[in-house]
Amino acid sequence: MFFRLFLMFKLLTAKRIIIRFITVSVWSLSFVAYSAVAMADHARILVYGDSLSAAYGIAQQQGWVTLLQTKLLKQQYHYAVVNASVSGETTSGGLSGFAANLATSKPAIVILELGANDGLRGLPIKEMQANLSTMIQLSKKAGAKVLLLGMQIPPNYGPQYTQSFRLTYPELSQQYQTGLVPFMLDNVAANPKLIQDDGLHPNALGQPIVLENIWPHLQLLLKK
């Protein structure tokens with residue numbers, strides 16, 4: 001609103017306003033088109049996850065995935081980030097659409113962030129492990145490196161289930177020699193100031209810390 005009032009104050013006639021609007025619009029569209037072409041030449045990073053990667057409850061530009069794209073550009077890594085994350089997704093649901101996403105995006109790197117909803121619903125650990133295993137294998141078969149984002153859950157279903165869930169990620173990482181973030185919500189999950197009112201999802205203040213947890217492990221897989 002301020003910007004519009006400023007234009008009205010500075011531009012004396014309606015004709016000039018229209019001309020300025022058209023000029024800005026054309027420039028903006030040209031810039032977007034140029035950026036899209038430039039990014040099309042970049043290798044791709046596919047982020048395949050759930051609400052933790054889909055910027056649930058906050059603006060998309062505040063989410064760690066968007067912050068990752070900005071960081072890559074600033075540090076002159078030539079990668080375009082494709083976010084195929086879906087809020088509420090389980091490993092079973094993720095697996096059903098995974099091959100199609102691989103074929104469409106043709107990623108050099110897959111950041112696999114699934115399992116939290118399996119754990120919150122108490123779904124069988126072996127099933128979760130098998131689903132993640134298949135997605136890792138499909139990624140490697142497609143020539144993509146894999147970064148697995150580890151997750152932990154509250155002890156609602158008992159210590160054995162909780163421990164088995166947590167160990168799934170390092171075990172898969174070791175088995176398939178993938179990159180691993182031990183716990184993507186480290187230094188976030190236990191801090192109420194960084195979590196939304198639902199007690200589960202990082203807020204805008206927590207997103208940069210999530211990226212900090214992921215970045216050093218992802219950087220090992222990047223090429224300039």
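To be clear, the structure that these remarks concern was listed above.
A few points on the structure. (Residues numbered from 1 in each chain as written. Predicted model: local features only at pLDDT ≥ 70, side-chain atom pairs only at ≥ 80, totals over all residues. Heavy atoms only, no water.)

### Digging into the packing of aromatic side chains
Condition: Here a pair means two rings of Phe, Tyr or Trp (six-membered ring of Trp) with centres within 6.5 Å. Their orientation is stacked below 30 degrees between planes, edge-to-face above 60, and tilted elsewhere. In this description a helix means any DSSP run of H or I spanning at least four residues, a strand means any run of E spanning at least two, and both kinds are numbered starting from the N terminus. When the NZ atom of lysine or the CZ atom of arginine is within 6 Å of a ring's centre and also within 35 degrees of its normal, the charge is said to sit over that ring.
If you walk through the whole model with that rule in mind, you get 4 aromatic pairs. Look at F165 and Y169: their rings are 5.7 Å apart centre to centre, the planes differ by 70°, and that puts the pair in the edge-to-face class. Taken together, the positions of F165 and Y169, both in helix α7 (residues 159-176) and 4 residues apart, correspond to about one turn of that helix. Above the ring of W215, the side-chain terminus of K71 is found at 5.1 Å from the ring centroid. Its guanidinium or amino end placed over the ring of Y77, K224 lies 4.8 Å from that ring's centre, counting from NZ or CZ.

### What about the sheet that holds strand β2 (residues 79-83)?
Going by this rule: At least two bridges found by DSSP between two strands is the condition for calling them paired. Angles here are taken between N-to-C directions and fall from 0 to 180 degrees, while the axes themselves are lines fitted to C-alpha atoms, restricted in helices to the stretch in contact. Two residues form a contact once any of their heavy atoms are found within 4.5 Å.
Spatial ordering of the open sheet is given by β2-β1-β3-β4-β5, a layout of 5 strands whose pairing is parallel. The open sheet has two edge strands with one neighbour each: β2 and β5 (179-181). Each strand of the sheet is rotated relative to its neighbour by a mean of 20°, with strand direction disregarded. When strand β4 (residues 145-149) meets β5, the two strands line up parallel, connected through 3 bridges. Considered in β5, the bridge of L149 is made with V181. Packing of helix α6 (residues 125-141) onto the sheet brings it into contact with β1 (43-49), β3 (109-113) and β4, and relative to β3 it is tilted by some 170°.

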